Amino acid sequence: MRIGLGVDFHKFALGRRLILGGVEIPHERGLDGHSDADVLLHAICDALLGAAALGDIGQHFPDSDARYRDISSVVLLIEVHKKIAEMGLAIENIDATVIAQEPKIAPYVPAMRATIAQALGLSPSQISIKATTPEGLGALGRGEGIAVWAIALLTSRRSA
């Protein structure tokens, strides 16, 4: 059994689409980043990579590489899944918490869970996404961005 923790932050930016969990959410601002800036999927990728002791998302998909400019983070998630599967590891479950003053994401959580599950070949019951507000505290509370904490549990598919 292996457990990994992923944390990511992105600030809001005008002129960008807001993508969370592979789902576009109507909002006047999106998140700033080299890729589509899907903070939820980035945290999940880091949780999976961490559980496999494979470093972090920046090592595998650096923002200095033009191939990843505006790429869908669903593609990155699929690539991370391939890397851990090659190690003989299987995902048992993922749990993530989105921290944002805005927007409200509850209406989009079922679609996010379905998108992530499909990308990873899992059941949506293996994906948990929750949201909380920072109650006006700090940069996140001022609505300057979104943060996500994610944890993943991996098990070995190979016999010992």
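See the structure shown above.
A brief look at the structure comes next. (Residues numbered from 1 in each chain as written. Predicted model: local features only at pLDDT ≥ 70, side-chain atom pairs only at ≥ 80, totals over all residues. Heavy atoms only, no water.)

## Considering the overall build of the protein
Under the convention used in this document: In DSSP terms, a helix is any run of H or I states spanning at least four residues, a strand is any run of E spanning at least two, and both are numbered starting from the N terminus. Note that the radius of gyration is over C-alpha atoms, with the globule rule given as 2.2 Å times the number of residues to the power 0.38. The contact definition used throughout considers only heavy atoms, calling two residues in contact when any of these lie within 4.5 Å. Residue-level accessible areas treat just the shown protein chains as cover; the underlying method is Shrake-Rupley with a 1.4 Å probe.
For the protein, the helix and strand inventory stands at 5 helices and 7 strands. Tracing the protein from N to C terminus, the helices and strands come up as β-β-β-β-α-α-α-β-α-β-α-β. On C-alpha atoms alone, the protein measures out to a radius of gyration of 15 Å, which is about the 15 Å that the 2.2 N^0.38 rule sets for 160 residues. Taken along its principal axes, the extent of the C-alpha atoms in the protein is 50 × 35 × 25 Å. Counting contacts in the protein only where the partners sit at least 6 residues apart, residues at least 24 apart contribute 72% of the total. Of the accessible surface of the protein, which amounts to about 7800 Å², a share of 54% is contributed by carbon and sulfur atoms.

## Concerning the nonpolar core
How we decide: By nonpolar core is meant a set of buried Ala, Val, Leu, Ile, Met, Phe, Trp, Tyr and Cys residues that side-chain atoms within 4.5 Å join together. Buried residues are those whose accessible area, probed at 1.4 Å on protein chains only, stays under 20% of the maximum for their type, while exposed residues exceed 50% and partly exposed ones sit between those limits.
By size, the foremost hydrophobic cluster in this structure holds 48 residues, and its most contacted members are L20, L40, L48 and I146. When contributions to this core are tallied by element, the ones reaching two or more residues are β2 (18-20), β3 (23-25), α1 (39-51), α3 (73-86), β5 (89-99), α4 (109-120), β6 (127-132) and β7 (145-156). When residues of this core are assigned to their parent elements, the largest contribution, 10 residues, is made by α1. With near-sequence residues (within four places) excluded, L40 lies in contact with L20, G21, A96, V98, M112, I116, I129 and V148.

## Observations regarding the sheet that holds β7
Condition: Two strands qualify as a pair provided that DSSP identifies no fewer than 2 bridges between them. Throughout, an axis means a line fitted to C-alpha atoms (over the contacting stretch in the case of helices), and angles, computed between N-to-C directions, take values from 0 to 180 degrees.
Strands sit in the order β4-β1-β7-β5-β6 across an open sheet of 5 strands; the sheet is mixed. Each edge of the sheet is formed by a strand with only one pairing partner; in this case those strands are β4 (30-31) and β6. Inspection of the sheet shows β5 paired to β7 by 10 bridges, in the antiparallel sense. Bridging across to β7, N93 finds its partner in L153. Of the strands in this sheet, β1 (2-13), β4, β5, β6 and β7 are in contact with α1, which crosses β1 at around 155°.

## Some words on the environment of H27
What counts, and what does not: Any pair of N or O atoms that falls within 3.5 Å is considered a polar contact. Within protein, one atom must be able to donate a hydrogen and the other to accept it, and sequence-neighbouring residues count only if both atoms are side-chain atoms.
Within the secondary structure, H27 sits in the loop between β3 and β4. Residues H27 and P103, 76 residues apart in the sequence, show an inter-C-alpha distance of 7.1 Å. Apart from residues no more than four positions distant in its own chain, H27 is found in contact with F12, L18, E102 and P103. Of note is the side chain of H27, whose polar atom sits 3.0 Å from the backbone oxygen of R29.

## Considerations on a nonpolar patch on the surface
This is how it is decided: Residues forming no salt bridge and having over 30% relative accessible area are the ones grouped into patches, like charges within 9 Å of each other and nonpolar side chains (Val, Leu, Ile, Met, Phe, Trp, Tyr) within 5 Å. Counted as salt bridges are all cases of a side-chain nitrogen of Lys or Arg within 4 Å of a carboxyl oxygen of Asp or Glu.
A contiguous nonpolar patch, built from I3, L5, V7, F9, W149 and I151 and spanning about 570 Å² of accessible area, is present on the exposed surface. Listed by contribution, the elements that provide at least two residues to the nonpolar patch are β1 and β7. No other element matches the 4 residues that β1 contributes to the nonpolar patch. Inspection of the secondary structure assignment puts F9 in strand β1.

## Describing the packing of α3 against α4
Put simply, the rule reads: What sets the label is the angle itself: under 35 degrees gives roughly parallel, over 145 gives roughly antiparallel, 65 to 115 gives roughly perpendicular, and the rest give oblique. Crossing handedness follows the turn of the near helix against the far one: under a right angle anticlockwise gives a left-handed crossing, and clockwise gives a right-handed one. Polar here means any residue other than Ala, Val, Leu, Ile, Met, Phe, Trp, Tyr, Cys and Pro, which are nonpolar, and Asp, Glu, Lys and Arg, which are charged; Gly is therefore polar.
Between α3 and α4, the least distance of the axes is 9 Å, while the angle of their chain directions is 40°. Taken as axis vectors, α3 and α4 run oblique relative to one another. Like other packed secondary-structure pairs, α3 and α4 cross with a definite hand, here right-handed. Contact with α3, carried on its side by V74, L77, I78 and H81, involves T115, I116, A119 and L120 of α4 and no other residues of that element. A per-class count over the contact of α3 with α4 returns 6 nonpolar, 2 polar and no charged.

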